Amino acid sequence: MSTATMNGRQKAAILLVSLGSEASASVFRHLRQDEIDELTLEIAGIGHINPELKQAVVEEFYETAVAQEYIAEGGVDYAREVLEKALGGDRADEVMNRLSSSIQVSPFEFLRRTDASQILNVIANEHPQTVALILAYLPADTAAQVVSALPEAQGADVAMRIAMMDRTAPEVIREIERVLERKLSNVINQDFTSAGGLRSLVDLLNQVDRGTERTILETLEEQNPELADEVRRMMFLFEDITVLDDRSIQQVLREVDAKELAVALKGTSSEVQEAIYRNMSERAAQNIKEDLEFMGPVRIKDVEEAQQRVVAVIRRLEEAGTIVIVRGGEDQLVA
């Protein structure tokens, strides 16, 4: 017997046996009595379970759970995209095709990765009951943003309708989905001003690894030096730690592991190293210097990743307002 010839109840029985009695009992507490009765009979009839079959059932359950989580997070297309990156295209297609009958897709799943402002534009003129139905199926944080942006009276009306909502006919939901998806497509196609530009490029560079970041900046430097300078002024590189004031550097050092800092400093300029050393205790600075001395050769990739993590700390502290980075063209600070 293989998983392809088994029904869902048989697979569930084998999975429960594989999980053990304690875990199975926990699962049973969430089932209806008729489901418990059916599974109990199925388990009772199981003889020896082939190890390969057991492994196949467990793997299929895991893939189903993972795919369902991805779908809940961002929809079917998002789930396929993540699975392709993790498993490769052919394997992802196989998983999605096999699971298509068992995966439950939530209504309005195509909105789960849509910006709240775009959702607001699409539903602004809809009836409050329709708005309430849509928001009831969205993640709570997204729905909260949309409700907060509605006029006060309309927001209160929608909230009340969500609280009082009962079951809705599937055909009604499908019709609203069809209309809403068409409207959303029109809004996205018309929203030219929100995409691209320097800010988008800087946001992208802030997320990539150091090697990719350096390659892009060097290419920009060759093709458009003025644009490259503008991008550099808007972002923060590891070498730019020298522009931070001493208090800010000290704040950063409190958040960074000493061993990782030593790797990040490997091969950097004396100016960068001195900026770090003067903001540490003499003993801590000496420890870093000794680590560098005895570290030996380190892969460039490891150095770049360590530097990227330090920069991530700097950017996080800046976003929190703990430190201030004065970039080119900005007003200087006044005490």
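Calculation notes
Residues numbered from 1 in each chain as written. Predicted model: local features only at pLDDT ≥ 70, side-chain atom pairs only at ≥ 80, totals over all residues. Heavy atoms only, no water. Core = buried A, V, L, I, M, F, W, Y, C linked by side-chain atoms within 4.5 Å. Buried < 20%, exposed > 50% of the residue type's maximum accessible area, 1.4 Å probe, protein only. Contact = heavy atoms within 4.5 Å. Axes fitted to C-alpha atoms, helices over the stretch in contact; angles between N-to-C directions. Helix = DSSP H or I, 4+ residues; strand = E, 2+ residues; numbered from the N terminus. Parallel < 35°, antiparallel > 145°, perpendicular 65-115°, else oblique. Left-handed = near helix turned anticlockwise from the far one by under 90°. Nonpolar A, V, L, I, M, F, W, Y, C, P; charged D, E, K, R; others polar. Salt bridge = Lys/Arg side-chain N within 4 Å of Asp/Glu carboxyl O.

Asks: Help me out: how do you make sense of the nonpolar core in this one?
Replies: Soluble, globular proteins show a tendency: their nonpolar side chains are buried together. In terms of nonpolar packing, the biggest core is built from 27 residues, with Leu-244, Val-252, Leu-265, Ile-276 and Ile-314 touching the most fellow members. Filtering out sequence-adjacent residues up to four positions away, Val-252 remains in contact with Leu-244, Val-310, Val-313, Ile-314, Leu-317 and Ile-323. Ranked by size, the runner-up nonpolar core spans 20 residues in total, among them Leu-120, Ile-123, Ala-132 and Val-146.

Asks: Just to check I follow, could you spell out the packing of helix 16 (residues 258–265) against helix 19 (residues 300–319) for this structure?
Replies: Two numbers describe a pair of packed helices, the interaxial angle and the distance between the axes. The N-to-C vectors of helix 16 and helix 19 enclose an angle of 120°; their axes lie 8 Å apart at closest approach. Accordingly, the angle class assigned to the pair helix 16 and helix 19 is oblique. Once helix 16 is placed against helix 19, the crossing between them reads as left-handed. In this structure, helix 16 uses Glu-260, Val-263 and Ala-264 to contact helix 19, whose residues at the interface are Asp-302, Val-303, Ala-306, Gln-307, Arg-309 and Val-310. A per-class count over the contact of helix 16 with helix 19 returns five nonpolar, one polar and three charged.

Asks: Would you mind going over the packing of helix 8 (residues 128–136) against helix 10 (residues 152–164) with me for this structure?
Replies: Contact pair helix 8 / helix 10: the axes reach a minimum separation of 8 Å and the direction vectors enclose 60°. Classed by the angle they form, the pair helix 8 and helix 10 counts as oblique. Read as a crossing pair, helix 8 and helix 10 show a hand that is right-handed. Mapping the contact onto sequence places Pro-128, Gln-129, Val-131, Ala-132 and Leu-135 in helix 8 and Asp-157, Val-158, Arg-161 and Ile-162 in helix 10. Looking at the contact of helix 8 with helix 10, its residues break down into six nonpolar, one polar and two charged.

Asks: Would you take a moment to explain the pattern of salt bridges for this structure?
Replies: Between side chains of opposite charge, a pair can form when the charged atoms approach closely. Applying the stated rule across the entire model yields seven salt bridges. Put simply, Asp-246 and Arg-278 hold a salt bridge, and the shortest N to O gap is 3.0 Å. Of this pair, Asp-246 sits in helix 15 (residues 246–255) while Arg-278 sits in the loop between helix 17 (270–277) and helix 18 (282–295); the two residues are 32 residues apart in sequence, bridging distant segments of the chain. One salt bridge in this structure joins Asp-302 and Arg-299, with 3.0 Å as the shortest N-O distance.

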